[in-house]
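# Overview (structure and organization)
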Amino acid sequence: MAIRSVETLDRHYSAFEGNWKVADCSAEYGRLVVPHGNSEEPLYRWFHLKEAFSSRLLDRLLHDVGLSVKANLAIADPFAGSGTTLLSGISACERNGHRAHVFGVERNPFIWELSHAKLQARILGNSIAGSFAAELEKIKKFYEDFKYDTFVIPGLSTLKNEKYFPAQYMQDLLRIRHAIDAGATQETRSIFRVCLASCVEPSSRLRRDGRALRFEPSRDPKLPWEIFLDRVDLVRRDLESTKPAASGGEVVLGDARQVSSLATEQEFDLILFSPPYPNNIDYTEIYKTEAWVLGCYESEAEMKAQRQRTVRSHPSVRFSQEFVYLNSAVAADVHSLIDPVVSCVPVGDRYSEGRKEVIIGYADDMLRVLVECRRIIREDGRLVFVVGNSLHGSGDSKYVIAADVIMGRLAELSGWRVSEVKIARMLKRRAGESAFLRESLVILEPV
Ligand SMILES: C[S@@+](CC[C@H](N)C(=O)[O-])C[C@H]1O[C@@H](n2cnc3c(N)ncnc32)[C@H](O)[C@@H]1O
């Protein structure tokens, strides 16, 4: 059964892929679709977002899609994450003596603040280093003054669990947040808050792996204030070494499925993004401790509402059952694309419905994003997305969601041509498993 599902789906995916140029580019791109090198790079090293791509990806891509010669570039990323596209877009243009205009959209409030802070820092650079240092002195003073105050621990049970966060450390994290609120100005507040966010995991006994927060009893939590001062020092050095940019741009807190209305009147030469992959990873969950410490949610209900606003890439929550494609001119084509995948989901267990909804909901969301992006691309522009395929189910009922093929076909249904699929990484697989277990860059041109 397992082999049959995998083979049947491989044939289904191959039928679409047969029309495209597909190349193994793992030697050039394997390290570029992961955050390789970012932990040593000024600004990129402020917070480790495991799902980010490398700061060096965009340079390589501009060259490969033939955009590097253009003067000024307008670049968008509707799934901005930690802001890699935006920051590296500015650097790539300025290195060649040109300017960039960058525009990002991000749905998660903490991740949005991370990209917003880094973009501010990239644009303003050392012009704000002086005020950053002066405000740090104020924050220190407020931190001292709050010494005997007790802060209400936010409503998330994880933060109240003293096995995860020693009670005093949680108080210290909150004290830092309140000191930032009192001492920082609009211009630097988000930068200080990112410094605080980067202290949350090290001051706990939790470790973030790819999928969840894991409890590590033997771990020794570090003193929040000490880590905070270290982080602030690193950020101060990065600000001092960053020349203000001639480029500009912004990242907005919003939904990629509405990118054309958020980017009012703008058109782009390059749209580069990596959406959440349909692999059950839930960003709201993975970055929840930072979001709660920063005060992004007031209640569990608010966090649930946030989860429901993200793209339907995982079954951790029941999402809206509205599917826009059903009433579109391409409904029949979308059905013939996704029905064979849906029919491979094993029936009769408690995960069945959730698994089917991920396939249908994800396809619907990606179709909307690709349609929206088509509205804001220049005639000679390019769209590149990075996405990973994944193996689902277990035992005898495994099946692959080939997100690169599904999105490539959805792109064709929304006014794009697939000019190339560059395979960046073959994912680990056992003998007999699908050749579609891979991570790819798909390059699109408007038609
Ligand atoms: C793979 S990450 C992007 C990482 C980014 N390329 C980087 O280098 O940091 C996908 C991002 O999409 C965001 N996201 C999820 N649903 C979204 C939506 N509906 N609109 C915009 N962003 C969304 C997630 O919060 C996450 O930050």
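All residue numbers refer to positions counted from 1 along the written sequence of the respective chain. For this predicted model, a pLDDT threshold of at least 70 governs which residues receive local features, and a threshold of 80 or more governs which side-chain atom pairs are given and counted, while totals over whole chains, interfaces and linings are taken from all residues.

### A short note on the domain arrangement of the protein
Interface extent is often summarised as the accessible area lost during association of the parts. Applicable threshold: Bear in mind that the domain bounds are from an automatic or database domain assignment. Here, residues touch in the contact sense if the C-beta positions derived from the backbone fall within 7 Å of one another. Put simply, DSSP H or I for four residues or longer makes a helix, DSSP E for two residues or longer makes a strand, and each gets a number counted from the N terminus. Note on residue classes: Ala, Val, Leu, Ile, Met, Phe, Trp, Tyr, Cys and Pro are nonpolar, Asp, Glu, Lys and Arg are charged, and everything else, Gly too, is polar.
By the assigned domains, the protein splits into domain 1 (1–30 + 315–447) and domain 2 (48–311). Centre-to-centre separation of domain 1 and domain 2, based on C-alpha positions: 29 Å. Facing the 29 residues of domain 1 at the interface are 33 residues of domain 2. Of all the secondary structure elements, the ones that give two or more residues to the side of domain 1 that touches domain 2 are helix H16 (352–375) and strand E8 (377–388). With 10 residues, the single largest contributor to the side of domain 1 that touches domain 2 is E8. Here the side of domain 1 that touches domain 2 is built from residues that sort into 18 nonpolar, four polar and seven charged.

### What to know about the sheet that holds strand E3 (residues 100–106)
Test applied: By this definition, two strands are paired if DSSP reports at least two bridges between them. For every element, the axis is a line fit to its C-alpha atoms; helices are fit only across the contacting stretch, and the angle between N-to-C directions ranges from 0 to 180 degrees.
Spatially, eight strands are ordered E1-E11-E12-E8-E7-E2-E3-E6 in an open sheet, and the strand pairing comes out mixed. This sheet does not close on itself; its edge strands, each paired only once, are strand E1 (22–24) and strand E6 (248–253). Across the sheet, the mean angle separating the axes of adjacent strands is 15° when strand polarity is ignored. Looking at chain direction, strand E2 (residues 73–77) and strand E7 (residues 268–273) are connected through two bridges and run parallel. Pairing of Ile 75 across the sheet is with Leu 270, part of E7. Strands in contact with H16 are E7, E8, strand E11 (416–426) and strand E12 (438–446); relative to E8, the strand with the most contacts, it is inclined by about 155°.

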